[in-house]
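Overview (structure and organization)
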Amino acid sequence: MLALGLDASTQSLTAVVIDIDSGAVVHQRQLNYDRDLPQYGTRHGVLPHPDPAIVHAPPLMWVEALDRLLGALGDSVDVARIAAIAGSAQQHGSVYLRACFAERLAALRPERPLVEQLADVCARPTAPVWLDSSTAEDCRALDAALGGPAETQRITGSAAYERFTGPQIRRCARCEPEVWAQTAHVRLVSSFLASLLAGRLADTDWGDASGMNLMDLERKQWHPPALAACAADLAPRLGEPIAPWTVLGPIAPALAARYGFARDCRIVAWTGDNPASSIGLGLVRDGHCAISLGTSDVLFAISSRRPSMPPAGHVFISPTGAYMALFCFANGSLAREAVRDAHHLDWAGFSAALARTPPGNAGRLMLPWFRPEIVPKVLRAGVVRANLSPGDTDADCRAVVEAQFTSMRLRAEAAGLQPTLLHATGGAAQNAAILQVAADVFQCPVRRSQVTNTAALGAALRAAQALPNGPGWDELVARVVEPQLAAPIAPRRDTAEIYRRLAQQYAELEARELAARR
Ligand code: XUL
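The structure reproduced in this document is the subject of the present report.

What counts as what
Residues numbered from 1 in each chain as written. Predicted model: local features only at pLDDT ≥ 70, side-chain atom pairs only at ≥ 80, totals over all residues. Heavy atoms only, no water. Core = buried A, V, L, I, M, F, W, Y, C linked by side-chain atoms within 4.5 Å. Buried < 20%, exposed > 50% of the residue type's maximum accessible area, 1.4 Å probe, protein only. Helix = DSSP H or I, 4+ residues; strand = E, 2+ residues; numbered from the N terminus. Axes fitted to C-alpha atoms, helices over the stretch in contact; angles between N-to-C directions. Parallel < 35°, antiparallel > 145°, perpendicular 65-115°, else oblique. Contact = heavy atoms within 4.5 Å. Nonpolar A, V, L, I, M, F, W, Y, C, P; charged D, E, K, R; others polar. Left-handed = near helix turned anticlockwise from the far one by under 90°. Salt bridge = Lys/Arg side-chain N within 4 Å of Asp/Glu carboxyl O. Phe/Tyr/Trp six-rings, centres within 6.5 Å; stacked < 30°, edge-to-face > 60°.

1. Overview of the nonpolar core
Core analysis: the biggest nonpolar cluster contains 165 residues, and L4, L6, W62, I85, L214, F261 and F405 have the highest contact counts within it. No other element matches helix α17 (residues 393-414), which puts 10 residues into this core. By size, the runner-up hydrophobic cluster in this structure holds 24 residues, among which are I20, A84, A463 and L476.

Here you go:
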């Protein structure tokens, strides 16, 4: 029996197929939005906009990507043996749908491309995604309605954040009332794509619902005052938060026929990419900790008890139902790529630059705010260099990577997280030189998975786990995840003091710069 996991991340859609019995990863396939669907005009998966605070993507591009990827799967995999499908998607992004969405799903036909059949379902042609930071006013209003940022964080797991779906919905209702009037349903990227597979409106799982500023994290129900602060009549547009292991039903008959799936292939609720990745990395026990180095850089840790987080942190729900402490940094791969490209390097050249420079970079520092940053909150982009010339290629490469991990280390310390092992995922986790910096900055071993997209792998595990008599989490981790883990990269103990000092200097530079910007 096979299970399929899908991940619709910021820049690409990935499929991972596992053999549930042997634990083998039997197939991986990826479609890149910019390269493979150029007609949508995205760059790095999002639509260029003159205002850097406004970052949207076209939902129909995700629909076409899904159609293409599933259509091609049969070339390499016996699709009829896939017993269950689950998925994940970039978190927070919201899709605004007309009432006809449900009718179109119910009437899907196997012979026509999905994007043609769903051409008129979007009330808003574009979806704001997690990189959007245009909702500062809406965040202030939501926090004020709930009694201040600390209260919003206590109730929903996070203070109001620009990219979170509640403030995004509020902005849509406020600035585009005609669109809002046409909107019968709001879904996250995850529950939107799950709806297609299930052939009916799918609800949003606790993992992604905890990234909306709208759910009472303890009761796992919408918090009516938060809904009221964002838009009138919001509840009927959202459905209800559902457990991540919910089986939505069998695959839509039209899709079973179109791609060759068995008619009883189960569709499991989708979740956010970070929660899914926690499973793909095997984080199913208390204290398990990971870094994800993708478009965003993320630090997360699993806990059965609710962690107490500083204001910049979030608490989400993991696919096992545990808590997930998380910090998200917007300047991840785009910042690394900006430095790499500015110096006309490829990744091998970037790694060589890391190898030529000393740990600590001889006091040359960077605040890598190439785009607006989430942690710390920096709404206006602007890179800061201290003792560092932008023309110094080698030092610039080390400075961006050391900055990213030092910033993560500072937040981990603020949240009382003391990782003894870090799991690593995302594109940059394939780069041993970058992971060595992570191991040195955190002074703990770092282990990456050989499966680059651990969110899609985690989704495949979630699909398997939700089958009747499906294997448990520990069993799946031992069978599927552990064989994929590469040997750990050890920290160099003689760098401990260097990075302790660097963390101090970085914190001081950051505080000075934030104060100057106020
Ligand atoms: C997490 C976040 C990003 C997105 C994109 O809060 O905003 O990590 O999930 O991957």
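2. A look at the packing of helix α15 (residues 333-342) against α17
Following both chains from N to C, one finds α15 and α17 inclined at 170 degrees, their axes separated by 9 Å at the closest point. The pairing of α15 with α17 is recorded here as roughly antiparallel in orientation. In this structure, α15 contributes A335, R336 and V339 to the contact, and α17 contributes D396, C397, V400 and Q404. Broken down by class, the residue content of the contact of α15 with α17 amounts to four nonpolar, one polar and two charged.

3. So, the packing of helix α2 (residues 59-73) against helix α9 (residues 189-198)
Interaxial distance between α2 and α9 falls to 11 Å at its minimum, and their mutual angle equals 45 degrees. Taken together, the axes of α2 and α9 are oblique relative to one another. Relative to α9, α2 is oriented so that their crossing is right-handed. Across the interface between the two elements, P59, W62, V63, L66 and L70 of α2 pack against V189, F192, L193, L196 and L197 of α9.

4. Remarks on the pattern of salt bridges
Throughout the structure, instances matching the rule amount to 28 salt bridges. For D138, the salt bridge is made with R170, and the minimal N-O distance between the two is 2.9 Å. With a gap of 32 residues between them, D138 in helix α5 (residues 136-146) and R170 in helix α7 (residues 165-175) connect regions that are remote in the sequence.

5. Things to note about the packing of aromatic side chains
All told, the structure shown has seven aromatic pairs when counted by the stated rule. Ring centres of Y96 and W180 lie 6.4 Å apart, and the angle between their planes is 70 degrees; this geometry places the pair in the edge-to-face category. Of the two residues, Y96 sits in strand β6 (residues 94-97) while W180 sits in helix α8 (residues 177-182), which places them 84 residues apart along the sequence. The two residues Y96 and W180 agree in class, both being buried. The interplanar angle of 40 degrees and the centroid separation of 6.0 Å between the aromatic rings of Y161 and F164 together place this pair among those described as tilted. Judged by relative accessible area, which is 7%, Y161 ranks as buried. Residue F164 is classed as buried on the basis of its relative accessible area, which comes to 0%. An aromatic cluster is defined as three or more aromatic residues linked by ring pairs; in this entry it consists of Y161, F164 and F316.

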